[in-house]
Amino acid sequence: MDFLKRFSRDKVGLFFGIVLVLIYLIALTAHWITPYDPLQTDLRKVFQPPSWEHWLGTDQFGRDMLSRVILATQITARVTGLAILFAVITGVPIGMFVGFVGGWLDGLVMRITDMLLIFPIIMLAIVLVVIIGPTENGVIFALGISQMPQFIRVARGVTLSVKEELYIEAAVAVGASREYILRRHVWPNISAPIIVQASLTLPVFVLNASALSYLGLGVQPPTPEWGQMLNESVAFIFNAPYLMIGPTIALFLFTLAANLVGDALQETINPKLKKRK
Amino acid sequence: MAIAKEESGIGANHALLELRDLSVDFETEQGTARVVDRLSYRIDRDETVGIVGESGCGKSVTARAVMGLVESPGRIASGQILYRHGDEVIDIAKLDPKGRQIRELRGNAISMIFQEPMTSLNPVFSIGDQIAEAILLHQSITRRDAAEKAVEMLDAVGIPLPRERARDFPHHLSGGMRQRAMIAMAMSCNPSLLIADEPTTALDVTIQAQVLDLMNKLRAEFQAAIMFITHDLGVIATMADQIRVMYLGRVVESGPVSTVFRQPLHPYTQGMMQSIPSLRGARKRRLQSIAGNVPSPLEVGPGCGFASRCPHVMDVCRKAKPALVSEGGVQSVACFQHHTHTEEASHAG
Amino acid sequence: MLRMIIYRLLLIIPVGLVLVSFLFALFHLIPGDPAQLMAGDNAPEELVQAIRQAYGFDQPVHIQYWNYLIRVLQGDLGVSTYSREPVIDVVWPRVINTAQLAGLAMLFAIVISLILGCISAMFWNHPVDKSVTVFSLVGICTPVFVSGLIAIYFFSVYLGWLPIGGKATWKHYILPVVTLGAYQAAMFTRMVRSCMVDALGRDFIVTARAKGVAERLVVFKHALRNALLPIITLFGLGLGHTLGGSVVTETIFNWPGLGRLMVDSILTRDLPVTQGAIQIFAAIFIAVNLIVDVLYAWVDPRIRYD
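Computed from a predicted structure; not experimentally measured.

Draft legend 1. The arrangement of the packing of aromatic side chains in detail. Across all of its chains, the model carries 16 aromatic pairs over all chains by this definition. One aromatic cluster is present, built from ring pairs that chain together Tyr153(C), Phe154(C), Phe155(C), Tyr158(C) and Trp161(C). Looking at Lys221(C), its charged tip hangs above the ring of Phe125(B), at a distance of 5.5 Å from the centre.

Draft legend 2. View of the environment of Pro143(C). With respect to the element layout, Pro143(C) can be found in the loop between α6 (127-140) and α7 (144-158). Under the relative-accessibility criterion, Pro143(C) is labelled buried at 4%. Separated by 40 residues in sequence, Pro143(C) and Tyr183(C) have C-alpha atoms that sit 7.3 Å apart. Those residues in contact with Pro143(C) that sit more than four places away from it in its chain are Leu207(A), Leu251(A) and Tyr183(C).

Draft legend 3. A look at the sheet that holds strand β12 (residues 331-333) of chain B. Residues and elements named next belong to chain B. Pairing is mixed in the open sheet, where 8 strands are placed in the order β6-β7-β8-β3-β9-β10-β12-β11. In the strand order of this sheet, the two ends are held by β6 (110-113) and β11 (325-327), each with one partner. Direction aside, the axes of adjacent strands within the sheet are offset by 20° on average. Sheet topology note: the β6/strand β7 (residues 193-197) ladder contains 4 bridges and is parallel. The residue of β7 that forms the bridge with Ser111 is Leu194. Against the sheet, helix α12 (residues 267-274) engages β3 (48-52), β9 (242-247) and β10 (250-256), with an angle of about 105° to β9.

Draft legend 4. Highlighting the environment of Ile112(C). Mapped onto the fold, Ile112(C) is located in helix α5 (residues 87-122). Remark: the alpha-carbon pair of Ile112(C) and Gly181(C), spanning 69 residues in sequence, is separated by 9.0 Å.

Draft legend 5. Layout of the nonpolar core. If you look at the biggest cluster of nonpolar residues, it comprises 126 residues, and the most contacted ones within it are Ile126(A), Leu143(A), Leu212(A), Trp226(A), Phe145(C), Ile252(C) and Met262(C). Each of domain 1 (2-73) and domain 2 (88-299) of chain C accounts for three or more of the residues forming this core. Contacts of Ile252(C), omitting those with residues within four sequence positions, involve Tyr214(A), Val144(C), Phe145(C), Gly148(C), Leu149(C) and Ile152(C). Among the nonpolar cores identified, the runner-up in size contains 79 residues, and Val24(B), Tyr41(B), Ile92(B) and Ile102(B) belong to it.

Draft legend 6. Molecular detail of the packing of helix α11 (residues 258-267) of chain C against helix α12 (residues 271-299) of chain C. All names here are of chain C. The N-to-C vectors of α11 and α12 enclose an angle of 150°; their axes lie 8 Å apart at closest approach. The orientation of α11 relative to α12 falls into the category roughly antiparallel. Note that α11 runs across α12; the crossing there is left-handed. Residues Leu258, Gly259, Leu261, Met262, Ser265 and Ile266 of α11 pack against Val273, Thr274, Ala277, Ile278, Ile280, Phe281 and Ile284 of α12. For the contact of α11 with α12, the class distribution of residues is 10 nonpolar, 3 polar and no charged.

The rules behind the values
Residues numbered from 1 in each chain as written. Chains lettered and ligands numbered in written order. Predicted model: local features only at pLDDT ≥ 70, side-chain atom pairs only at ≥ 80, totals over all residues. Heavy atoms only, no water. Phe/Tyr/Trp six-rings, centres within 6.5 Å; stacked < 30°, edge-to-face > 60°. Lys NZ or Arg CZ within 6 Å of the ring centre and 35° of its normal. Helix = DSSP H or I, 4+ residues; strand = E, 2+ residues; numbered from the N terminus. Buried < 20%, exposed > 50% of the residue type's maximum accessible area, 1.4 Å probe, protein only. Contact = heavy atoms within 4.5 Å. Pairing = 2+ DSSP bridges. Axes fitted to C-alpha atoms, helices over the stretch in contact; angles between N-to-C directions. Core = buried A, V, L, I, M, F, W, Y, C linked by side-chain atoms within 4.5 Å. Domains from an automatic or database assignment. Parallel < 35°, antiparallel > 145°, perpendicular 65-115°, else oblique. Left-handed = near helix turned anticlockwise from the far one by under 90°. Nonpolar A, V, L, I, M, F, W, Y, C, P; charged D, E, K, R; others polar.

Take a look at the structure:
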């Protein structure tokens, strides 16, 4: 409750929080709210500019762009959400474990994450997509694995700092097991920084998922995806530039909202990080 | 009995700095906090004035105000900071804090040393460069001469092998050596007023004594007035001629150090005296501390700021603020135990 | 300092070895028969068999690994299955084109972000600062393929001033460099600003002001010189991101660089070229990382003189 109160004091964060909720509502209800079937081609209606009937026009196959943008919202929300979930459920336990046991294993895992962090996420994602295959699942795993090092580092950091605390020493002294300590003492401390990290990862995933599909390495047609729709629209940039409008706005709004909510969350959960007063 | 502030005046030949009704406000989320409250006092040429008080009493902010360095969200709300520069009298409170005029005073006529020698020097420039920079800013000499002068200054503050140390970076030096370097930098342009903001607080006790000794030596050599800010009465005793005890942004007691130490009049000063451990004092007497906490500047009421902690509090203390009134010539106190002058009356008059 | 450089150089050996092994393992994880993949789905069995033999896919894994390692060390990255040219000859001219694009974009981004970041920090919390913040936020939220398409539409299609894509005259450089550079500039500006705000809040800034140093010099000498330490690291990481962004930028503007080569080779299933391009990229990232570390040590006197 206190958290919500503090969060709502940040007006910008609150506004874009609402925008983000709306985006997810659209994603959840996409199948019911699309005005037309997003996959239904109609060759009599190709390249219609925006009109009252088709707010964002129609594409080269006569498909309604608005419906496609709405369905793509669902795809993006699902892909990025599952990718974050994947990164969290693989990265956090690894980070907690190596942070807790320390020693050579910790050193090794840290060296590997250090090495992976040299590479930009899009490069890692491309390499992984090539191996797993350019499908929806491929994108989810590729993004998830490429950001796993970040979650390992955050979880390890928290675990290390909790380990230093006296009460853990006390718990060890009375004979608590490793699993018990991790679950009982580390877990409650870890959720806040993980939520912050996840929220900061969301816009990164949104951008990279569409970049992958722009390159033709992401979700494959006919399933609509913003990046892929933009890629297709390039061919018609002379006669149907309006095809770019929908995906551009959707992508921008989602990224902007995710970014600002991430920042606001970080400041609410971690007010110490607030910049110079 | 005359009101203390009226007997002074920047017109007097020996006066160097005079604060007149200086107020500094800080804007916070909870409202405006008056950190320095209509403060008036004077510092004479060649005089060392010790400003004592607990942290948050406004002593450091006053020093910053004199340098024109009050940073946002703080601002000078009212009052004057009169400084005698050669033949003219400048009101520092009116100068543009980023302007040329104040910059010509800073580091030149008025210089400052800080509490944290570890962080007050720029880690990426050598000690010599940082001192030479101050010299080059205010004197028209060549780079080479400025570097030479910097070495001389390091020598003057008792740093061994000054030529080598000048090439060193701050992280090579110990805390005491860094504070010496800071002092060298502050004295390099022969200032008339040196503001020392808790210069020894962050140092070990033995180093503290050395630095104080150095400052006493330099004071005689350079003939500078010193505004010495500290919370340590012991340091005041070895350093200062005059003492100003500050509480919640105001001076509650002032006078020559010897007089005030012999006979403190304000209950706050008395409390502070009793909390100094003494080697000679009777062992059985327990070290006293002043009960209660300093109220927040946001919670200041109409009465005396010390009323909530004062052992001799009277009804009148909660209703009006006492004025700083001279008691027997040299010593002044703001307390209704000694007189009945209120702040309002003195301002009306 | 010299010892650190030598140590870092030696560290490349295990890192490179791990990377090459990693890539080898990854490409053996690709589902399906690599020979079949290279030959195409409808290729006759004899061709598949021939490729299998030519590339040694029929040999045990450890022999394959050893041969692969030896070949990489000799700079032999194999032969493109698409153009039949040695991969190294295909890749090399592309590396230079990508270096041009990424280098110019970085230069653009560094100059813009240092100026905007410093101005923003100087006018902290002032409308100037807020507008810079909004500008960089909008930049961060606009991926290169969106801003690139908007730029193409506006400058090439609508105004007809600049070419749509390719790399022939200096005019061809403008849109790709500015598009990629602007995105990085937005990222950098945010971070330069926060480094500068941080540096301007430090004690030695008060010391400098108390010396009478002019505000301009306080910002650009005392604060910037200190902020440079974290900023250089940021720029180093940023160079990696710029190279990552170049993959997309090259695809948009039809820029004949390494990134587009990599994407094209993936789409045409030209496995040796993909592998080669990734290896070159990896080598570049490691080199960049090394340079940044050395640069960092050089700027920080606490490392330089110890």
